[in-house]
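Topology and contacts: notes
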Amino acid sequence: MRRTLTRPTASLAREAGEGGAKRRVRVVLLLFFIVATAAPAATLDDYVAALTSIHGALRGGRLDEARNLARPLLGAQIETPSGGFQADGALLTSISEAKRVDIHLLERLETTLSELRRTSPAPTSGRSDHALLAAIAREQETARPREGGQALPDDKLTGNAMVRFAQAIGRGVAWVGDKLTRFYEWLASFWPDSPKNETRGTIRGVVIAIAVVIVILIGALAYAALRRSRRAGEMPLQSEAPAMSAHDADPLSRGANEWERYAAQLAAAGRTREAIRAWYHAVLVTLYSASILHFRKGRTNWEYVSMLAPSLAWRGRFVELTRQFEVEWYGLHESAEEALEECRETAGLIMDSVRRVSRGAA
């Protein structure tokens with residue numbers, strides 16, 4: 001018989017009024033109590049509160065604290081009025097093994113929290129629960145900048161590049177003109193007073209001619225620089241072959257979008273088999289993020305296939321993608337470009353279907 005954890009209302013009210021440090025201690029004790037039970041189980045509210053504490057620790061840069069909070073939740077059973085489910089092993093494993101605070105990890109955690117809060121039923125007698133969640137939200141809020149700060153004009157940093165370039169040329173010309181004027185006045189001070197007007201007129205003409213030549217030179221240099229930049233922009237980019245990494249065999253070493261970019265780089269470098277594996281990993285990570293599959297070390301690809309519900313419209317495509325990946329990666333030394341194109345197209349269709357459903361649910 002599963003034991004369901006509940007929180008007394010008075011205890012939650014006191015917890016909401018205490019500081020962030022005491023709240024984190026209570027969450028740690030709760031997590032260790034979950035692990036200590038013979039059949040670990042927790043309520044959905046407990047699970048959401050624990051993930052919220054982990055999110056706060058990651059946002060605050062407290063990676064050790066987040067890892068310590070995530071490890072006890074691995075394998076925990078979450079009980080809800082509509083049935084039980086297992087805690088997201090893929091997400092919790094990524095947090096417990098994280099070496100740094102990754103923005104993609106934060107996004108996955110925020111997506112999971114949003115989905116859990118959306119599906120969580122409203123409590124019937126949970127005033128203290130609302131107080132706890134409000135206190136946690138206040139603790140995690142980022143301080144807003146004070147009013148009265150001076151905003152930078154668009155042209156200084158974020159404006160059009162040609163505008164900034166023209167302003168820089170204008171400032172350069174003004175600086176040169178100022179220096180030449182001072183030089184002219186300094187030369188004029190050495191001439192006698194009688195022919196001073198004629199001398200000044202001659203020197204003024206020389207200074208103007210020099211200034212015109214300088215402006216022409218600056219314009220020519222600017223035009224040449226623009227032509228070179230346009231030619232460089234029109235040249236096709238040549239992709240370098242990415243270096244092999246020990247993390248390539250781990251699907252959780254990259255996000256889904258990173259695996260897609262990595263697959264394109266591998267394909268451009270002629271490493272077709274590795275590109276096929278990268279596309280397969282992109283699909284796996286997408287399914288992990290959508291909580292359709294849960295990562296477990298040692299689990300085979302065909303075990304993942306068996307875990308998919310028959311009602312999923314794209315299940316057949318995933319079966320075909322798994323079969324083709326197994327053949328190309330384990331059965332061949334080289335893969336043809338046709339096989340890569342088929343895997344890329346099948347993987348794209350699966351990920352598009354999953355993402356559309358996720359966006360619709362959100």
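The next subject is the overall build of the protein chain. Helix and strand counts for the protein chain stand at 15 helices and three strands. Of all intrachain contacts in the protein chain linking residues separated by at least 6 positions in sequence, the fraction that spans at least 24 positions is 64%. Here the protein chain displays about 22,600 Å² of accessible surface, and carbon together with sulfur accounts for 56% of that area.

Moving on, we come to the packing of aromatic side chains. Using the criterion set out here, one finds eight aromatic pairs in the structure. Note on Phe325 and Tyr330: the rings are 6.1 Å apart at their centroids and 75° apart in plane angle, and the pair reads as edge-to-face. In this structure Tyr330 comes out as exposed when scored by relative accessible area, which is 58%. Put simply, the rings of Tyr280, Phe318, Phe325, Trp329 and Tyr330 touch in pairs and so form one group of aromatic residues.

Let us now look at the environment of Val357. Along the chain, Val357 turns up in helix α15 (residues 337-361). On the basis of relative accessibility, which here comes to 58%, the residue Val357 falls in the exposed class. In this structure, the C-alpha to C-alpha distance between Val357 and Ala290, residues 67 residues apart in sequence, is 9.3 Å.

In this structure, Val283, Tyr288 and Phe318 are the most contacted members of the largest nonpolar core, which totals 35 residues. Among the secondary structure elements, those contributing two or more residues to this core are α11 (256-268), α12 (272-289), α13 (301-307), α14 (315-331) and α15. Top element by residues in this core is α12. It accounts for 11 residues. With near-sequence residues (within four places) excluded, Tyr288 lies in contact with Asp88, Ala90, Pro251, Leu252, Leu293, His294, Phe295 and Tyr304.

Take a nonpolar patch on the surface next. On the surface, a nonpolar cluster with roughly 290 Å² of combined accessible area is contributed by Ile208, Val212 and Ile216. When you line up the elements, Ile216 lands in helix α10 (residues 196-234). When its relative accessible area of 57% is taken as the criterion, Ile216 is described as exposed.

A word on helix α3 (residues 44-59). Side chains three or four residues apart in an α-helix point the same way, a direct result of the helix having 3.6 residues per turn. Under the 1.5 Å per step criterion, the end-to-end length of α3 is 22 Å for 16 residues, consistent within 8% with the ideal 22 Å. The buried fraction of α3 is high, at 14 of 16 residues. Gly61 sits one or two residues past α3 and shows a positive phi near 80°.

Our next topic: the pattern of salt bridges. Applying the stated criterion across every chain, the model contains eight salt bridges. Residues Arg62 and Glu65 are paired through a salt bridge, measuring 2.8 Å at the closest nitrogen-oxygen approach. Exposure remark for Arg62: the relative accessible area of 29% places this residue in the partly exposed category. Linking Arg344 and Glu341 is a salt bridge whose minimum nitrogen-to-oxygen distance equals 2.5 Å. In this pair, Arg344 and Glu341 are both assigned in helix α15, three residues apart and thus about one turn of the helix distant. Glu341 gets classed as partly exposed once you look at its relative accessible area, which sits at 39%.

Turning next to α14. Here α14 spans 23 Å end to end across 17 residues, near enough to the 24 Å set by a 1.5 Å rise per residue. By the burial criterion, the buried members of α14 are Phe318, Leu321, Thr322, Gln324, Phe325, Glu328 and Trp329.

Here we come to the packing of helix α4 (residues 63-70) against helix α5 (residues 89-96). Helices that pack against each other are described as a pair by the angle of their axes relative to one another and the distance between those axes. The geometry of α4 relative to α5 is characterised by a closest axis approach of 8 Å and an angle of 145° between their N-to-C directions. Considering how the two elements wind past one another, α4 and α5 form a crossing that is left-handed. Of the residues in α5, those touching α4 at Ala66, Arg67 and Ala70 are Leu92, Ile95 and Ser96. Residue composition of the contact of α4 with α5, by class: four nonpolar, one polar and one charged.

This part takes up the pairing of strand β2 (residues 77-80). Burial of β2 is two-sided: the residues Gln77 and Glu79 facing one way and the residues Ile78 and Thr80 facing the other way are all buried. Sheet topology places β2 next to strand β3 (residues 83-86); four bridges connect them, and they run antiparallel. In the sheet register, Glu79 faces β3, and the bridge partner there is Gly84. Counting the residues in the hairpin turn of β2 and β3 gives two residues.

What counts, and at which threshold
- Residues numbered from 1 in each chain as written.
- Predicted model: local features only at pLDDT ≥ 70, side-chain atom pairs only at ≥ 80, totals over all residues.
- Heavy atoms only, no water.
- Helix = DSSP H or I, 4+ residues; strand = E, 2+ residues; numbered from the N terminus.
- Contact = heavy atoms within 4.5 Å.
- Areas by Shrake-Rupley, 256 points an atom, 1.4 Å probe, with all protein chains shown as cover.
- Phe/Tyr/Trp six-rings, centres within 6.5 Å; stacked < 30°, edge-to-face > 60°.
- Buried < 20%, exposed > 50% of the residue type's maximum accessible area, 1.4 Å probe, protein only.
- Core = buried A, V, L, I, M, F, W, Y, C linked by side-chain atoms within 4.5 Å.
- Patch = residues over 30% accessible without salt bridge, like charges linked within 9 Å, V, L, I, M, F, W, Y side chains within 5 Å.
- Salt bridge = Lys/Arg side-chain N within 4 Å of Asp/Glu carboxyl O.
- Expected span 1.5 Å × (residues − 1).
- Axes fitted to C-alpha atoms, helices over the stretch in contact; angles between N-to-C directions.
- Left-handed = near helix turned anticlockwise from the far one by under 90°.
- Nonpolar A, V, L, I, M, F, W, Y, C, P; charged D, E, K, R; others polar.
- Pairing = 2+ DSSP bridges.

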